[in-house]
Amino acid sequence: MFDGLKEKLNSFRKDVEETAEEKAEEADVEEAVDAEAAAEADAAAESEPEAEADAAADPGAETDVDAASTDVEADPTDVDTDASPTETDDVGDESDDAVATETDATASTESLVDEEVDEAGGAAAEPAEAVGIRSERDTDPDAIDASEDEADDESTVSRFKRAKAFATGRIIIEEEDLEEPLWALEMALLESDVEMNVAERILETIREKMIGESRKQVDTTAELVEEALHDALLDVISVGQFDFEERIQQADKPVVVIFTGVNGVGKTTSIAKMSEYLESCGLSSVMANGDTYRAGANEQIRKHAENLDRKLITHEQGGDPAAVIYDAVEYAEAHDVDVVLGDTAGRLHTSNDLMAQLEKINRVVDPDMTLFVDEAVAGQDAVQRAKKFDEAAEIDGAILTKADADSQGGAAISIAYVTGKPILFLGTGQGYDDLERFDPEALVSSLLADEE
Ligand SMILES: Nc1nc2c(ncn2[C@@H]2O[C@H](COP(=O)(O)OP(=O)(O)OP(=O)(O)O)[C@@H](O)[C@H]2O)c(=O)[nH]1
């Protein structure tokens with residue numbers, strides 16, 4: 001069921017993960033270069049004391065340290081240190097202050113770096129540039145000022161650690177990384193017959209959930225994407241959802257449920273399935289054939305009632321549907337039956353006399369629920385019909401039949417968001433047990449489950 005849509009959702013997830021992986025590989029190369037330069041700087045820093053001693057003995061000689069530190073300045077990730085060792089030595093009292101400042105700065109940077117590494121769980125992750133993203137430090141003005149101040153006084157040792165902290169710091173996913181995969185997802189949703197506004201809502205939720213989201217490592221991209229997709233789909237699919245059985249159990253008896261929709265979508269079969277489902281919930285039911293319009297309708301529903309050994313109320317063809325259902329309510333009250341299941345003639349929302357019949361049923365019988373029945377395979381048509389039916393004669397929920405034959409899932413995803421009324425059941429075959437309670441969470445989980 002809905003396998004085509006499942007495939008498309010999986011490829012969206014893979015697209016985003018691949019984007020992250022590609023950029024992480026690029027950044028790994030950059031980080032290796034940075035690390036090498038930082039290591040050279042460390043080496044230079046370590047040899048600095050000897051060089052200073054040599055310089056003190058022979059002030060005119062150029063030391064390796066100056067040359068090495070020039071190499072270090074060439075490295076873009078490193079901060080600029082303009083105070084060269086000989087200058088510090090030349091200064092009188094300030095040299096102690098300068099050294100003190102440098103020591104403090106190093107200490108504060110190291111503690112900052114330690115924090116950063118701890119925060120990142122110590123694990124090495126791709127550098128901030130990994131996924132075309134900026135570290136939170138880049139975006140936090142205070143952090144930028146502080147790091148620029150610290151940077152001026154940093155020792156090369158803490159510089160290397162800081163580069164590591166950047167690499168293990170929290171990173172932020174930006175819109176540009178999702179642009180292409182989201183475009184592909186939008187096309188996939190529309191191809192799956194998801195209604196345009198519903199597709200846009202799904203994409204909007206994914207952007208809200210992912211952009212600005214920080215994550216520690218590339219391999220958590222999959223978790224982020226799955227979570228964003230899960231929430232976006234659930235957000236639209238579960239609109240108006242309620243516990244059907246609980247509502248029936250708690251309502252005054254007999255509960256009157258009317259089934260409406262166009263011809264041939266599976267209304268009569270769904271009534272028979274519903275009768276079986278209610279039986280499994282310990283609730284008795286009587287069927288009423290309000291389809292007095294179509295020749296053969298009585299025979300069709302009578303067959304189901306006989307197969308299930310259930311009571312059926314019918315009138316002659318051409319009779320008044322409201323009268324048939326009214327008689328069924330009288331029967332249920334007299335025989336302590338829990339639920340009346342009223343079929344109606346298949347109709348389009350545009351056929352005025354059939355819609356007028358529904359209005360009369362509502363006036364005469366005042367049903368507890370009106371369920372719209374359509375076939376999942378009808379996709380967008382089913383969504384638009386549900387909307388029109390709800391506008392013409394308010395529905396309380398929908399049953400989507402023939403979901404077993406639908407690989408797209410567009411109607412199942414769209415109807416609730418478009419009408420504001422929940423899908424309550426899925427028809428999943430021609431048998432009397434092929435009626436499933438619609439569970440948004442279960443549907444989303446099955447759509448996002450890894451392909452076998
Ligand atoms: N595969 C599949 N077939 C179904 C399902 N529900 C109904 N059908 C079949 O769809 C056809 C039409 O079902 P009906 O119940 O007669 O449809 P209807 O809406 O009552 O049609 P009218 O009485 O003409 O209004 C039948 O052959 C059913 O067996 C389902 O969930 N899956």
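Not measured: the values here are computed from a predicted model. (Residues numbered from 1 in each chain as written. Predicted model: local features only at pLDDT ≥ 70, side-chain atom pairs only at ≥ 80, totals over all residues. Heavy atoms only, no water.)

**Description of the domain arrangement of the protein chain**
Alright, step 1. Along its sequence, the protein chain is organised into domain 1 (1–26 + 170–238) and domain 2 (244–437).
Alright, step 2. Centre-to-centre, using C-alpha coordinates, domain 1 lies 37 Å away from domain 2.
Alright, step 3. Roughly 1500 Å² of surface becomes buried between domain 1 and domain 2 when both sides are summed, with 65% attributable to carbon and sulfur atoms.
Alright, step 4. When the buried surface of domain 1 facing domain 2 is broken down by residue, M1, F2 and D193 rank first, second and third, together holding 39% of it.
Alright, step 5. Remark: the boundary between domain 1 and domain 2 carries zero salt bridges.
Alright, step 6. Remark: the boundary between domain 1 and domain 2 carries seven residue pairs in polar contact (both at pLDDT 80 or more).
Alright, step 7. Mapped by element, the contributors of at least two residues to the side of domain 1 that touches domain 2 are α1 (3–57), α9 (196–210) and α10 (221–237). (Domains from an automatic or database assignment. Buried area = accessible area lost by both parts, 1.4 Å probe. Salt bridge = Lys/Arg side-chain N within 4 Å of Asp/Glu carboxyl O. Polar contact = N/O pair within 3.5 Å; in protein donor to acceptor, adjacent residues only side chain to side chain. Helix = DSSP H or I, 4+ residues; strand = E, 2+ residues; numbered from the N terminus.)

**Describing helix α17 (residues 410–419)**
Alright, step 1. Counting buried residues in α17 gives nine out of 10 residues, a clear majority hidden from the surface.
Alright, step 2. Taken together, the buried positions of α17 are occupied by G410, A411, A412, I413, S414, I415, A416, V418 and T419.
Alright, step 3. Positioned one or two residues after α17, G420 has a phi angle of 80°, which is positive. (Buried < 20%, exposed > 50% of the residue type's maximum accessible area, 1.4 Å probe, protein only.)

**What to know about the pattern of salt bridges**
Alright, step 1. Applying the stated criterion across every chain yields a total of 14 salt bridges.
Alright, step 2. One salt bridge connects R310 with E279, and the closest N-O pair in it is separated by 3.5 Å. Pair noted here: R310 is in the loop between α13 (297–308) and β5 (312–313) and E279 is in helix α12 (residues 267–280), with a separation of 31 residues, a long-range link.
Alright, step 3. Take R310: its relative accessible area is 15%, and that puts it in the buried class.
Alright, step 4. Two residues, R294 and D291, come together in a salt bridge whose shortest N-O distance is 3.7 Å.
Alright, step 5. Judged by its relative accessible area of 33%, R294 is partly exposed.
Alright, step 6. On the accessibility criterion, D291 (5% relative accessible area) is buried.
Alright, step 7. The structure contains a network of salt bridges with shared partners spanning R201, E204 and D235.

**Some remarks on the side chain of T292**
Alright, step 1. Within the fold, T292 resides in the loop between β4 (285–290) and α13.
Alright, step 2. The exposure class assigned to T292 is buried, which follows from its relative accessible area of 5%.
Alright, step 3. Each residue touching T292, except ones within four places of it in the same chain, is listed here: E316, Q317, G318, G319, P321 and V324. (Contact = heavy atoms within 4.5 Å.)

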